[in-house]
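# Architecture and fold: a report
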2 protein chains.
Amino acid sequence: MARKSGSHSEITGPRIRHAALSLFAQHGYAAVSMRQIAAEVGVQAGAIYLYVTDKQALLFELMEAHMDDLLAAWAAVPKPKDPAALLRTFTDFHIAYHLDRPDQVFVAYMELRNLTPENFAAIEAKRRAYEAELEAILGAGTDGTFDVADTRVTAMALIAMLTGITGWYRTDGRLDAARLQEIYWQLTRKMVLPEPVTA
Amino acid sequence: MARKSGSHSEITGPRIRHAALSLFAQHGYAAVSMRQIAAEVGVQAGAIYLYVTDKQALLFELMEAHMDDLLAAWAAVPKPKDPAALLRTFTDFHIAYHLDRPDQVFVAYMELRNLTPENFAAIEAKRRAYEAELEAILGAGTDGTFDVADTRVTAMALIAMLTGITGWYRTDGRLDAARLQEIYWQLTRKMVLPEPVTA
DNA sequence: GTCTATAGATGGATAGAC
DNA sequence: GTCTATCCATCTATAGAC
């Protein structure tokens, strides 16, 4: 696996980021050494610094790339007009996106403490922008489509509920992604749609 | 603050655990050194080893104590017979307990990766026991009290939703604990109780 | 019971050969 | 572009004085 020496660059930069992401997700940023990352890629520790300024920048770039991808992916999704349909579009998107990228999601949620204050602020702003998307969907339904007492709290409750899937979901388990999307939509629907009037 | 020297033990052991918990919650287990913990307590690094075998044992003891406390506290709560009332008892308990111990909760959820395999298995078993409590409550209501398609998934969804509060709640914010308990009960109630028959 | 001192290992990051 | 070698800081844990 490990190259002997003298190889040309090819895609060493991306491979470093991929290895770092995987190791950070498994063991945590602080517990992973630059030497471990280099070994995973098959280069020596010193070579990493040709592609990354330092360890902190490596973490930040991974988290920023994830947040940017997330926001861009959601922006690219066609949005139905109907608030309830739009909400289902969001829950389906959130589940599918997060299940497809467990390492990115895990690092983005777990390593906030290890960012410098400036880097933390940048990531936090992007996270808030994403939360604001859901809040806006719920807020647009206060005409009677939704029955939501507190838009902000409900948005946070929904995101926590949906993101929590990544903590226990196993791809070889009894549920596939489509079934999960259906179950969580039923939970979401009951949570925010008005209850039918009793007979 | 820092003692000069020659002081007697008093409560140095508990103070070490308290300082470690606080620092682990802030910066993460791997990022915190034994010297930092010692400095917080006001002793030298070497003194810690009179009370703790090593850093891993320190982490494990903190997490085990938290899980044991959690299970014992729930066991001590009076349980109403009615499934819906019991569910509300659980959600109120979970919110109050978690809001009162943000550091313990944070460490218990974030540092699982840093446990040895044996220690991880021990903590995971206790966590599963707690999740099973909620699953049993939901399962006991399948006579018609609850409308739950998948007991296990719904239990995980509820726990993630409730625990997520600790990620954004600020004690100086606009919501107090009682208001949160009320909001989250409404969300929970709508999620799992059957919808009234339409007129 | 706490201190100082230190062993022994490992970390991030850099310099210079190839 | 990658490697080897290394600097220097820091870490966990222990030994022994007080």
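Residues numbered from 1 in each chain as written. Chains lettered and ligands numbered in written order. Predicted model: local features only at pLDDT ≥ 70, side-chain atom pairs only at ≥ 80, totals over all residues. Heavy atoms only, no water.

### Comments concerning the packing of helix 8 (residues 151–163) of chain B against helix 10 (residues 177–192) of chain B
Residue and element names in this part refer to chain B. We count it as follows: Axes here refer to lines fitted to C-alpha atoms; in helices the fit is confined to the stretch in contact. Angles between the N-to-C directions go from 0 to 180 degrees. Runs of H or I in DSSP of at least four residues are treated as helices and runs of E of at least two as strands, each being numbered from the N terminus. Our angle categories are set so that under 35 degrees counts as roughly parallel, over 145 as roughly antiparallel, 65 to 115 as roughly perpendicular, and the remainder as oblique. Left-handed describes a crossing whose near helix is turned anticlockwise from the far helix by less than a right angle; the clockwise case is right-handed. Contacts are assigned to residue pairs with any non-hydrogen atoms lying within 4.5 Å of each other. Each residue gets one of three labels, nonpolar for Ala, Val, Leu, Ile, Met, Phe, Trp, Tyr, Cys and Pro, charged for Asp, Glu, Lys and Arg, and polar for the others, Gly among them.
At a minimum axis separation of 11 Å, helix 8 and helix 10 run at an interaxial angle of 165°. When the axis of helix 8 is compared with that of helix 10, the two are roughly antiparallel. As for how helix 8 packs across helix 10, the hand of that crossing is right-handed. Contacts between helix 8 and helix 10 involve Thr154, Leu158, Met161 and Leu162 from the first element and Tyr184, Leu187, Thr188, Met191 and Val192 from the second. Within the contact of helix 8 with helix 10, the residues separate by chemical class into seven nonpolar, two polar and no charged.

### Section: the side chain of Thr163 of chain A
All names here are of chain A. Rules: Partly exposed residues are those whose accessible area sits between 20% and 50% of the maximum for their type, while under 20% is buried and over 50% is exposed, using a 1.4 Å probe and protein chains only. The term polar contact refers here to a pair of N or O atoms within 3.5 Å; inside protein, the definition further demands a hydrogen-donor-capable atom paired with an acceptor-capable atom, and it admits residues adjacent in sequence only when both atoms are side-chain atoms.
Summarising the element assignment, Thr163 is placed in helix 8 (residues 151–163). The class of Thr163 is buried, set by a relative accessible area of 9%. Looking at Thr163, its side chain comes within polar contact range of the side chain of His94, at 2.9 Å. Apart from residues no more than four positions distant in its own chain, Thr163 is found in contact with His94, His98, Val105 and Tyr109.

### Some thoughts on the packing of aromatic side chains
The geometry of two aromatic rings is summed up by the distance between their centres and the angle between their planes. Here is the rule: The pairing test for Phe, Tyr and Trp rings, Trp by its six-membered ring, is centres within 6.5 Å, and the orientation test on the planes gives stacked under 30 degrees, edge-to-face over 60, and tilted for anything in between.
Under the defined criterion, the tally for this structure stands at 12 aromatic pairs over all chains. Taking the centre distance of 5.2 Å and the plane angle of 70° together, the rings of Phe24 of chain A and Tyr29 of chain A count as edge-to-face. For Phe24 of chain A, a relative accessible area of 0% puts it in the buried group. On the basis of relative accessibility, which here comes to 10%, the residue Tyr29 of chain A falls in the buried class. Relative to Phe93 of chain B, the ring of Trp74 of chain B has its centre 5.3 Å away and its plane inclined at 50°; by these criteria the two rings are tilted. Of this pair, Trp74 of chain B sits in helix 4 (residues 55–75) while Phe93 of chain B sits in helix 5 (residues 83–100), and the two are 19 residues apart along the sequence.

### Focus on the interface of chain B and chain A
Here is the rule: Accessible surface is computed with a 1.4 Å probe, and the buried area is the amount of it that two parts give up when combined, taken over both parts together. Salt-bridge detection follows one rule: a side-chain nitrogen of Lys or Arg within 4 Å of a carboxyl oxygen of Asp or Glu.
The interface of chain B with chain A comprises 39 residues on the first partner and 39 residues on the second. Contact between chain B and chain A buries roughly 3200 Å² in total, counting both sides, with carbon and sulfur atoms accounting for 61%. On the surface where chain B and chain A come into contact, there are eight salt bridges. For Glu111 of chain B, the salt bridge goes to Arg113 of chain A, with nearest N and O atoms at 3.3 Å. If you look at where chain B meets chain A, you find 16 residue pairs in polar contact (both at pLDDT 80 or more).

### A few points about the nonpolar core
Our working definition: By nonpolar core is meant a set of buried Ala, Val, Leu, Ile, Met, Phe, Trp, Tyr and Cys residues that side-chain atoms within 4.5 Å join together.
Ranked by internal contacts, the top residues of the largest apolar core, which has 125 residues, are Ile37 and Tyr184 of chain A together with Ile37 and Tyr184 of chain B. In contact with Ile37 of chain A, other than residues within four places in its own chain, are Ile16, Ala19, Ala20, Leu23, Phe24, Val32, Ile48 and Leu58 of chain A.

### With respect to the relation of the copies chain B and chain A
The test is simple: To superpose the copies, least squares is applied to the C-alpha atoms of every residue with a pLDDT of at least 70 in both.
Once chain B is rotated about the relating axis by 180° and shifted along it by 0.0 Å, it coincides with chain A to within an RMSD of 0.0 Å. Accordingly, the operation relating the two chain copies is best matched by a two-fold axis. Mapped onto chain A, 100% of the interface residues of chain B are again interface residues, and the two copies thus contact each other with one and the same surface.

### Focus: the side chain of Gln56 of chain B
Along the chain, the position of Gln56 of chain B falls in helix 4. Beyond its immediate sequence surroundings of up to four residues, Gln56 of chain B is in contact with Tyr29, Asn114, Leu115, Thr116 and Asn119 of chain B.

### Digging into the domain arrangement of chain A
Residue and element names in this part refer to chain A. Heads up, the condition is: Residue ranges for the domains originate in an automatic or database domain assignment.
Entries for chain A in the domain assignment read domain 1 (1–52) and domain 2 (54–192). Measuring from the centre of the C-alpha atoms in domain 1 to the corresponding centre in domain 2 gives 29 Å. In this assembly, 14 residues from domain 1 lie in contact with 13 residues from domain 2. Summing the contributions of domain 1 and of domain 2, the shared interface buries around 1400 Å²; its carbon and sulfur component is 71%. Applying the counting rule to domain 1 against domain 2 returns one salt bridge. Here Glu61 ties to Arg17 by a salt bridge, and the two come within 2.6 Å at their closest N and O atoms. Our enumeration of links across domain 1 and domain 2 arrives at five residue pairs in polar contact (both at pLDDT 80 or more). Listed by contribution, the elements that provide at least two residues to the side of domain 1 that touches domain 2 are helix 1 (12–27) and helix 2 (34–41). In terms of residue count, the dominant contributor to the side of domain 1 that touches domain 2 is helix 1 (six residues). Looking at the side of domain 1 that touches domain 2 residue by residue, the classes come out as 11 nonpolar, two polar and one charged.

### Re the pattern of salt bridges
Between side chains of opposite charge, pairing is possible as soon as their charged atoms come close. Residue and element names in this part refer to chain B. Going through the model one piece at a time under the given rule, you end up with 22 salt bridges over all chains. Note that Lys126 and Asp68 form a salt bridge whose closest N and O atoms lie 3.0 Å from each other. You can see Lys126 sitting in helix 7 (residues 117–139) and its partner Asp68 sitting in helix 4, a full 58 residues away along the chain. Looking at Asp68, the relative accessible area reads 32%, which means it is partly exposed. Across the pair Glu124 and Arg127 runs a salt bridge, and its minimum N-O distance is 3.6 Å. Highlighted residues: Glu124 and Arg127, both in helix 7, separated by three residues, approximately one helical turn. Judged by its relative accessible area of 22%, Glu124 falls in the partly exposed class. Its relative accessible area of 12% is what places Arg127 among the buried residues.

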